[in-house]
Structure formats: C-alpha cells, structure tokens
Amino acid sequence: MKARFALLLGSLSAALVAFALTSPRVIAADKVDPVADAKAFQNFFFQKFPTVKHDDFVNGPYSMNEDMKRQWQEKEEFPPYEFALDAGKEMFSTPFKNGKTYADCFPNGGIGIRQNYPYFDTGEGKVVTLELALNRCREANGEAPYSYVKDEMASLTAYMAFTSRGKPMDIKIPDDPRALAAFENGKRYFYTRRGQMNFSCASCHVQSPGERIRAEILAPALGILNAMPIYRSEWSGMGTTSRRFVTCNSQTRAVPLEPQADEYRDVEYFLSYVANGLPISGPGARP
Amino acid sequence: MKLSLALAMLLAFSLAPAARAANEADYKAAYAAAEAASKEAAGMRNQWTVTVSALAAARKAADGGDFDRAVTAAKEAEALAKASVVQATSEKEAWKAMEIR
C-alpha cells in the first residue's frame, strides 16, 4: 500500500514538474517577440551554413554555390540591371508636371534610404513599402501610379537601392500593437503552406536553400529582400519585390494576391526585419 | 454450365444502369457546387490556380455543348476548391510547426 502511494505521489510530482517546465515555453511561443525571432532566424542560417560569411547571405543562391558565384562575379562587370539603373536615375531626377521630384517625398532626398523600408506608419496603422511610397509620391503629385511588378517601378527602386548599397538593413518595429500584429501576420504568411503544391515560402527558402529545384539553386530566406529589385534571366527583365511574391505564389499553384496586398506588405516587413544588420545589395541579378 | 453463365451475364447487363449522357442541368448543378467551394477558398485568401483553370474548362466545355466533359471539369474544380479550404483551415495552426524558434 505504501509503495503504491509512493508511486502515485512520484508520478504526480513528475507530472507537475513537466507541466511547470513546459508551460512557460508555450506562453513564450505565443508572445510576439520580433527581437527573439530575428535572432533565432539569423542563427538558424548561420549555423546551417557555417562557412558562408554573414554578409554574403544577401547574395542569395550565389552564397550557396561557388560555381554560380564565380559566374555572377564575372557578370557583375556588365550587370544586366545596368539599363534599369540608368533609367531609374534619370526618372528619379526628372521633375513631375508640377515641378516637384521624388526627392521631395522622401527623407534625405530619397538617397541612401532603402534600408529603412518597409516601415510601419503609425498614422495609417499599416506597413508602407518603398514601392507603395513611390506610387503614393506620384499620386500626391498628380501622376498616375506605376505597375508594382516591373519596368518603371523596378528602375526607380533599383536606383534607390543602388544609392543604399552596403548600408545595413534597419527596420524598426514601433511600440504599437498594430506593428507587432503586422510582423506576426507577415511571419504567419511566410510559414503558411498554400497552393496545390502545398508549399510555404519557408518550404524552399528555409528548409532547402542551396538545394536545386529543377535547374535553379534556392536562395536562403535570410537577406532575400536585400537584393531587390532583381534582374532575372528567367523573366528576361527586372522585377520588384511585389513581382517576386506574385511569382512565388503562382509557382506553388496558388492564385497570387494583388500587389501590395496587406499580406505581402506584412511579409516584406517580417523578412526585412529579420535581415536587420545585413547589407543592402540591390539591385541584384539572378538566374 | 455455359448456358447458366450466359444467363447470368444477360441478367447482370440487364440490371446494370445504362450510362446516361450529362445534360445542361447536371452541368449547372455541378458548376454551382464548384463555384460555391471556390468562393469559400477565395474568401480564405487561398484560391488555387488549378481550381480557376478547372472552372474555366467546365465553362468552355459547356459552351461547346459537351456536358459530360463540363460536369467532369466542374467536379474536379469542386474537389480542388474543397482541398484548398481544408489546407487553409489546417494551416491556421499548422504553420507554427514550421517556424524557426
């Protein structure tokens, strides 16, 4: 009888200890903690690829494959985004019909500020991306907005990224529950499986960076937006961050959302924040 | 023995329901069901491209008067849409399993 009682008491104590140990983890897991998330995110890639220099992750597939890296370095002597870059520079300095320019819409005249986008606008209560800010600038000055996925928008963002090259990504999350919710929503979008292929963004860019998917080498998620916009040989042209998200969705056989949908803005916020400290390398070139 | 086998086969064939070609009403019912499921998926922001293609194929076949093909495509669209709804529902929690912590 005593032995049975001791066994029961022992089991109960073990169960209580187990509960005490696991319950704080459950609470911590449900709390939105962007700083801890960013640290865990970066550590995951740093540990998974210990030989890759931290700043090199922004070079996507080239950080994963030496052969590709050599080819890319040679290509950078005459980069395929050069035409877009030149066009973007000219567009940026050309006044609108009212005489103002893009420089009037941005801090520091729009030069060297790419690393601060996207930001959370506490007035609007939403994430504002660079592409969105550019079109808002146009509309505020009586101009028609550009397509979010290519051509002019890619040229403008290419120029703005170029003036910010080497600057560390510096995304802020203000002390505002709506900003935390946007970050969390972006994180959820990033990890959520969708489309007939049942892929999430993470299926390729967390679980399989460096692996081949058909003829392509998958880029790591860490720093993946630091190189935007990009010239993709597959597209035979330039593409924006919006285009990248839309294409990824289509490839999983999910109907893409409209460019600059809240989900896309939030996932850009999440991915940019977790890449804080890594340099801007855009515009980039990808196979 | 041969006679009884032949009789059994005759009986089986006579009892088997004759395959009926689908008509417009069949198509409309199948398409309505597919469209409802597709709208539910779209409402969850999880429409699949293949669902949209199957719905389009159903409409095209129906426009050409091929209701057999139209019904088949509509049923496929419904199945795909329902699968996307299941995916969106399960992913409400399942995404957390993939998260880097």
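Residues numbered from 1 in each chain as written. Chains lettered and ligands numbered in written order. Predicted model: local features only at pLDDT ≥ 70, side-chain atom pairs only at ≥ 80, totals over all residues.

Peer 1: Which residues make up the interface of chain A and chain B, and what values go with them?
Peer 2: Taken together, the contacts link 21 residues of chain A with 14 residues of chain B. Top contributing element to the side of chain A that touches chain B by residue count: helix H2 (residues 34-48) of chain A, with three residues. The residue inventory of the side of chain A that touches chain B, partitioned by class, reads ten nonpolar, six polar and five charged. (Contact = placed C-beta atoms within 7 Å. Helix = DSSP H or I, 4+ residues; strand = E, 2+ residues; numbered from the N terminus. Nonpolar A, V, L, I, M, F, W, Y, C, P; charged D, E, K, R; others polar.)

Peer 1: Explain the sheet that holds strand E7 (residues 284-286) of chain A residue by residue, including any values.
Peer 2: Residue and element names in this part refer to chain A. Taken together, the three strands give an open sheet; going across it, the order is E6-E5-E7, and neighbouring strands pair in mixed fashion. Each of the sheet's edge strands pairs with one partner strand only, and the pair in question is strand E6 (237-239) and E7. Put simply, the sheet's adjacent strands are angled 35° from each other on average, direction ignored. Relative to E7, strand E5 (residues 230-232) is paired through three bridges, and the arrangement is parallel. (Pairing = 2+ DSSP bridges. Axes fitted to C-alpha atoms, helices over the stretch in contact; angles between N-to-C directions.)

Peer 1: Describe in detail unusual backbone geometry, supporting the description with residues and values.
Peer 2: All names here are of chain A. The linkage connecting Tyr117 with the following residue, Pro118, adopts the cis geometry, with an omega of 5°. Secondary-structure assignment places Pro118 in the loop between helix H4 (82-93) and strand E1 (119-121). In this structure, the amide linkage connecting Met228 to the following residue, Pro229, adopts the cis form with an omega of -5°. Note that Pro229 resides in the loop between strand E4 (216-217) and E5. Although it is not a glycine, Asn198 adopts a positive phi angle of roughly 60°. Inspection of the secondary structure puts Asn198 in the loop between helix H7 (177-191) and helix H8 (201-205). What makes Asn198 partly exposed here is the crowd of 15 C-beta atoms within 10 Å. (Buried ≥ 20, exposed ≤ 12 C-beta atoms within 10 Å, placed from the backbone.)

Peer 1: Can you tell me about the nonpolar core, naming the residues and giving the values?
Peer 2: Counting residues in each nonpolar core, the largest one holds 63 residues, and the members touching the most others are Ala158, Phe270 and Leu271 of chain A. Sorting elements by how many residues they give to this core places helix H6 (residues 151-162) of chain A first, with eight residues. The residues touching Ala158 of chain A, leaving out its near neighbours within four places in the chain, are Tyr81, Ala84, Leu85, Gly88, Pro229, Met238, Gly282 and Pro283 of chain A. Formed by 23 residues, the second largest nonpolar core is a distinct cluster that contains Tyr27, Ala34, Ala37 and Ala62 of chain B. (Core = buried A, V, L, I, M, F, W, Y, C linked by C-beta atoms within 7 Å.)

Peer 1: Provide a residue-level description of H6 of chain A, including the pertinent values.
Peer 2: Residue and element names in this part refer to chain A. Over its twelve residues, H6 extends 16 Å from the first C-alpha to the last, a length consistent with the 16 Å expected when each residue adds 1.5 Å. Within H6, ten of the twelve residues are buried, which leaves it mostly tucked inside the rest of the structure. Residues Met153, Ala154, Ser155, Leu156, Thr157, Ala158, Tyr159, Met160, Ala161 and Phe162 constitute the buried set of H6. For H6, the secondary structure elements touched by its buried residues are H4, helix H5 (130-140) and E6. (Expected span 1.5 Å × (residues − 1).)

Peer 1: Which residues make up the environment of Glu35 of chain B, and what values go with them?
Peer 2: All names here are of chain B. For Glu35, the location among the structural elements is in helix H2 (residues 24-43). On the basis of neighbour count, Glu35 is assigned to the partly exposed category, with 16 C-beta atoms found within 10 Å. Measuring from C-alpha to C-alpha, the distance between Glu35 and Ala81 comes to 8.5 Å, with 46 residues separating the pair along the chain.

Peer 1: Could you give me a rundown of the confidence of the model for chain B, with the residues and numbers involved?
Peer 2: Low-pLDDT stretches of the model should not have their predicted coordinates read in fine detail. Looking at chain B as a whole, the pLDDT averages 90, with 82% of positions reaching at least 70. With pTM at 0.88, the complex prediction returns an ipTM value of 0.85. (pLDDT = per-residue confidence, 0-100.)

Peer 1: Pulling in residues and values, what's your account of the packing of H2 of chain B against helix H4 (residues 67-94) of chain B?
Peer 2: Think of two packed helices as two axes; the pair is described by the angle between the axes and how far apart they sit. Residues and elements named next belong to chain B. Contact geometry of H2 with H4 gives a least axis separation of 8 Å together with a crossing angle of 20°. Looking at the two axes, H2 sits roughly parallel to H4. When the axes of H2 and H4 are compared, the crossing they make is left-handed. On the side of H2, the interface is formed by Glu24, Asp26, Tyr27, Ala30, Tyr31, Ala33, Ala34, Ala37, Ser38, Glu40 and Ala41, while H4 contributes Phe67, Ala70, Val71, Ala74, Lys75, Ala77, Glu78, Ala81, Lys82, Ser84, Val85 and Ala88. Across the contact of H2 with H4, the residue classes tally to 15 nonpolar, two polar and six charged. (Parallel < 35°, antiparallel > 145°, perpendicular 65-115°, else oblique. Left-handed = near helix turned anticlockwise from the far one by under 90°.)

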